[in-house]
Amino acid sequence: MEERKRLPDYLAEIFIVFGVTLAVIAVMCAAVGDEAREASTMFELGKRGIPLHTVAEYFFSSVCVTILRIVFFSDVLFRRRSVAKRTVGMLASVIALIGLCAYHFGWFPVDEPECWGIFLVCFGICFAVSAAASTIKERLENKKLESGLQSLKEKKYENMD
């Protein structure tokens with residue numbers, strides 16, 4: 001059973017998404033910042049860093065992604081949907097959100113298929129890493145719970161003797 005989340009839990013999720021996003025953008029700035037300077041507002045400082053307006057835009061997108069996760073994975077709206085359908089819906093919504101942000105904030109030229117290709121490859125890699133980390137975390141938590149349950153059973157049987 002999952003604990004009921006509170007505001008600090010959601011804030012932690014926002015800052016995890018934000019931190020990972022900024023780390024990826026920082027790597028991209030270092031790798032292609034000078035070459036992409038004219039194509040994107042994210043790279044207007046080239047390899048020298050990330051503009052403050054881009055940091056704020058990515059914070060906004062991190063809040064939106066966290067809200068989408070809450071919407072798709074709470075039982076309020078999608079009670080009868082499988083986890084797979086919820087995940088696909090959320091991924092589609094996040095891609096649409098990033099597309100809107102890219103258009104509105106000038107993150108990348110949305111009319112160029114190669115930019116979408118690069119975005120989708122980066123997004124896919126980040127999703128795969130995130131899914132793997134979540135799976136590992138869940139397995140470790142399940143092992144811990146199983147061990148605790150086994151310990152409780154042993155104590156119960158000891159007290160019965």
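Structure shown above.
The following paragraphs examine the structure supplied in this document. Note that the structure is predicted; figures quoted are calculated from it, not measured. (Residues numbered from 1 in each chain as written. Predicted model: local features only at pLDDT ≥ 70, side-chain atom pairs only at ≥ 80, totals over all residues. Heavy atoms only, no water.)

**A few points about the overall build of the chain**
Quick note on the threshold: Per the convention used, a helix needs a DSSP run of H or I reaching at least four residues, while a strand needs a run of E reaching at least two, with both numbered from the N terminus. In this treatment the radius of gyration is a C-alpha quantity, and the globule benchmark scales as 2.2 Å times the residue count to the 0.38 power. Relative accessible area decides the class of each residue, using a 1.4 Å probe on protein chains only: under 20% of the type maximum gives buried, over 50% gives exposed, and in between gives partly exposed.
Secondary structure summary: the chain contains four helices and zero strands in total. Reading the helices (α) and strands (β) of the chain from amino to carboxyl end gives α-α-α-α. Against the 2.2 N^0.38 benchmark of 15 Å for 161 residues, the chain shows a C-alpha radius of gyration of 21 Å, more extended than a compact globule. Projected onto its principal axes, the C-alpha positions of the chain cover 75 × 35 × 30 Å. Within the chain, buried positions represent 24% of all 161 residues.

**Details of the packing of helix 1 (residues 7–32) against helix 2 (residues 52–73)**
Inclusion rule: Where helices are involved, their axes are fitted lines through C-alpha atoms of the stretch in contact, as for all axes, and angles between N-to-C directions lie from 0 to 180°. Angle categories are assigned with fixed cut-offs, so that under 35 degrees is roughly parallel, over 145 is roughly antiparallel, 65 to 115 is roughly perpendicular, and the rest are oblique. In this scheme, a crossing is called left-handed if the near helix is turned counterclockwise away from the far one by less than a right angle; it is called right-handed if the turn is clockwise. In this analysis, two residues are considered to be in contact whenever any of their non-hydrogen atoms come within 4.5 Å of each other. Residue polarity is assigned by list, with Asp, Glu, Lys and Arg as charged and Ala, Val, Leu, Ile, Met, Phe, Trp, Tyr, Cys and Pro as nonpolar; anything else, Gly included, falls into the polar class.
The contact between helix 1 and helix 2 brings their axes to 9 Å, and the two run at 130 degrees. Comparing their axes, helix 2 and helix 1 come out oblique. Pair helix 1 / helix 2 crosses with right-handed handedness. Contact residues: Tyr10, Glu13, Ile14, Phe15, Val17, Phe18, Thr21, Leu22 and Ile25 in helix 1; Val55, Tyr58, Phe59, Ser62, Val63, Val65, Thr66, Arg69 and Ile70 in helix 2. For the contact of helix 1 with helix 2, the per-class residue count stands at 13 nonpolar, three polar and two charged.

**A word on the pattern of salt bridges**
Rule in force here: The working definition used for a salt bridge is a side-chain nitrogen of Lys or Arg within 4 Å of a carboxyl oxygen of Asp or Glu.
Throughout the structure, instances matching the rule amount to three salt bridges. We note a salt bridge from Asp34 to Arg37, for which the minimum N-O separation is 3.1 Å. Given a relative accessible area of 40%, Asp34 falls into the partly exposed group.

**Some details on the side chain of Glu57**
Quick note on the threshold: Residues scored as positive are Lys and Arg, those scored as negative are Asp and Glu, and His as well as the terminal groups of each chain are ignored. Definition of a polar contact: a pair of N or O atoms within 3.5 Å, with one able to donate and the other able to accept a hydrogen when the atoms are protein atoms, and with sequence-neighbouring residues admitted only if both atoms are side-chain atoms.
Mapped onto the elements of the fold, Glu57 is located in helix 2. Despite its burial, Glu57 pairs with no opposite charge, the nearest such side chain being Arg37 at 16 Å. Here Trp107 takes part through its side chain, which lies 2.8 Å from a polar atom of the side chain of Glu57. If near-sequence neighbours (up to four positions away) are discounted, Glu57 is found in contact with Phe105 and Trp107.

**Some thoughts on the nonpolar core**
Stated precisely, the cut-off is as follows: Within this scheme, the nonpolar core is defined by two criteria: the residues are buried Ala, Val, Leu, Ile, Met, Phe, Trp, Tyr or Cys, and they are joined through side-chain atoms within 4.5 Å.
Met42, Tyr58, Val94, Leu97, Trp107 and Phe108 are the most contacted members of the largest nonpolar core, which has 23 residues in total. Listed by contribution, the elements that provide at least two residues to this core are helix 1, helix 2, helix 3 (83–105) and helix 4 (113–160). Per-element tally for this core: the top contributor is helix 3, with six residues. Apart from residues lying up to four places away in sequence, Met42 is in contact with Ile25, Cys29, Gly49, Pro51, Thr54, Tyr58 and Trp107.

**Examining the packing of helix 2 against helix 3**
In contact at an axis separation of 10 Å, helix 2 and helix 3 are set at 155 degrees when each is read in the N-to-C sense. Compared by their axis directions, helix 2 and helix 3 come out roughly antiparallel. Here helix 2 runs over helix 3; the crossing is right-handed. Two secondary-structure elements touch here, helix 2 through Glu57, Phe60, Ser61, Cys64, Val65, Leu68, Arg69, Phe72 and Phe73 and helix 3 through Val83, Arg86, Thr87, Gly89, Met90, Ser93, Val94, Leu97, Cys101 and Phe105.

**Concerning the state of the cysteines**
Operational definition: Throughout, disulfides are identified as pairs of cysteine sulfur atoms within 2.5 Å of each other.
Within the structure shown, the criterion is met by zero disulfides. Left unpaired, Cys29 is separated from the closest cysteine sulfur, that of Cys122, by 12 Å. Look at Cys29 and you get buried, because its relative accessible area is 2%.

**Some points on the packing of aromatic side chains**
The following threshold applies: Stacked, tilted and edge-to-face are the three classes applied to pairs of Phe, Tyr and Trp rings, where Trp contributes its six-membered ring and a pair requires centres within 6.5 Å; stacked means planes under 30 degrees apart, edge-to-face means over 60, and tilted covers the rest.
One pass over the structure, following the stated rule, counts ten aromatic pairs. Where Phe18 meets Phe59, the ring centres are 5.3 Å apart and the plane angle is 90 degrees; that geometry is what we call edge-to-face. You can see Phe18 sitting in helix 1 and its partner Phe59 sitting in helix 2, a full 41 residues away along the chain. Relative accessible area serves as the criterion here: at 32%, Phe59 is assigned to the partly exposed category. A centroid spacing of 6.4 Å and a plane angle of 85 degrees characterise the contact between Phe60 and Phe105, whose relative ring orientation is edge-to-face. Taken together, the residues span a long stretch of sequence, with Phe60 in helix 2 and Phe105 in helix 3 at a distance of 45 residues.

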